[in-house]
Amino acid sequence: MNKYNLRLFFRSIKGKWYRFKYGLNGVHPTFYMGGESTISTDLVAEEYVYIGKGCSIIPKVKIGKYTMLAPNVSILGGDHNFNDPTNPIIFSGRPKMPSTIIGSDVWIGSNSLIMAGRTIGNGAIVAAGSVVTKDIPEYSIWGGNPARPIRMRFNEQEINLHKKMLQSKDIKVNFTQKKK
């Protein structure tokens, strides 16, 4: 067994362990984690989703294929009633948790916080340390606190190529990195 196949073998074993440990029945077999995190058992994650170490993911989250969450990304919020003046927040109950949708081929930078109920479109990038309080359109790059648009990731022609690639069944997976 060569070094490449050995690496893939251990990666698949580690992925199976994390799926078992966290009770993640809604994730694709290629789902991968970089280390310990806090993840709701109802997570839905498509092909080749990566979740970095120290992430926190609440219920009702769906993540599209080829998406990466860097270390310490949190998806949270939307879970306390605070508008009853006759009760302290701790005793006011919780509303129904909204769904959070993260598209395909999204990159969320380290230490970012995504508020519950947000949608992040396909191909979007969220800069490290950002606080996402609004929906993010596809193929846009956002950053800051609160996160604001920085620029588009691709031009229109590149967006069309990227959309075709995401729909293709023939994506070449390359886990080897070329040394410079």
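Everything in this summary refers to the structure shown in the same document. Here the structure is a predicted model, which is why all the values come from computation and not from measurement.

## Describing the nonpolar core
- Grouped together as the largest cluster of nonpolar side chains are 32 residues, with contacts concentrated most on Phe31, Leu43, Ile51, Ile108 and Ile120.
- Put simply, the parts of the chain that give this core at least two residues each are helix H1 (3-22) and strand S6 (61-63).
- With sequence-adjacent residues up to four places away left out, Ile120 is seen in contact with Ile101, Ile102, Gly103, Val106, Ile108, Ile114, Val126 and Ile136.

## Some remarks on unusual backbone geometry
- A cis amide bond links Asn145 with the next residue in sequence, Pro146, at an omega value of -5 degrees.
- Among the secondary structure elements, Pro146 is positioned in the loop between strand S15 (140-143) and strand S16 (148-152).
- The backbone phi angle of Tyr66 is positive, close to 65 degrees, even though this residue is not glycine.
- Following the sequence through the fold, Tyr66 ends up in the loop between S6 and strand S7 (68-69).

## A closer look at the sheet that holds strand S8 (residues 74-76)
- Read across the open sheet, the 5 strands follow the order S2-S5-S8-S11-S14; overall the sheet is parallel. On the outer flanks of this sheet lie strand S2 (38-39) and strand S14 (131-132), each paired with one strand and no other.
- Bridge analysis of S2 against strand S5 (residues 56-57) gives 2 bridges, and the strand direction is parallel. Across the sheet, the residue bridging to Ile39 is Ile57, located in S5.

## Let's talk about the sheet that holds strand S10 (residues 107-108)
- Here we have 7 strands laid out as an open sheet, ordered S1-S4-S7-S10-S13-S15-S16, and mixed in their pairing. Two strands in the sheet have a free side with no partner beyond their single neighbour: strand S1 (32-33) and S16.

## Structural notes on H1
- For H1, with 20 residues, the first-to-last C-alpha span of 29 Å sits near the 28 Å given by 1.5 Å per residue.
- Within H1 the residues assigned to the buried category are Gly15, Tyr18, Arg19 and Tyr22. For H1, the arc enclosing every buried residue in end-on projection is 95 degrees, short of the 170-degree limit, so these residues lie on one face. Residues Phe10 and Phe20 are exposed on H1 and point more than 90 degrees away from its buried face.
- Contact partners of the buried residues in H1: S1 and S2.

## Brief notes about the pattern of salt bridges
- The full count for this structure, using the stated rule, is 5 salt bridges.
- Linking Lys21 and Glu36 is a salt bridge whose minimum nitrogen-to-oxygen distance equals 2.6 Å. Of the two residues, Lys21 is situated in helix H1 and Glu36 in the loop between S1 and S2; the sequence distance between them amounts to 15 residues.
- The salt bridge involving Lys163 is made with Glu138; its shortest N-O contact spans 3.3 Å.

Calculation rules
As a convention, each chain's residues are numbered from 1 in the sequence order in which they are written. Local features in this predicted model are restricted to residues of pLDDT 70 or higher, and side-chain atom pairs are both shown and tallied only at a pLDDT of 80 or more, whereas totals for entire chains, interfaces and linings draw on every residue. Based on all heavy atoms of the structure, the side-chain values leave hydrogens and waters out of the count. We define the nonpolar core as a collection of buried residues of types Ala, Val, Leu, Ile, Met, Phe, Trp, Tyr and Cys that are connected through side-chain atoms lying within 4.5 Å of one another. For every residue, the accessible area (1.4 Å probe, protein chains only) is compared with the maximum for its type, and the residue is labelled buried under 20%, exposed over 50%, or partly exposed between those bounds. Counting from the N terminus, the helices are DSSP H or I runs at least four residues long and the strands are E runs at least two residues long. Only heavy atoms matter for contacts: two residues are in contact if any of them lie within 4.5 Å across the pair. Paired strands are those between which DSSP finds at least two bridges. Expected span, for any helix, means 1.5 Å times one less than how many residues it has. Picture the helix axis, draw a direction to every C-beta atom, and the arc is the one those directions span. Salt bridges are defined as contacts in which a side-chain nitrogen from Lys or Arg sits within 4 Å of a carboxyl oxygen from Asp or Glu.

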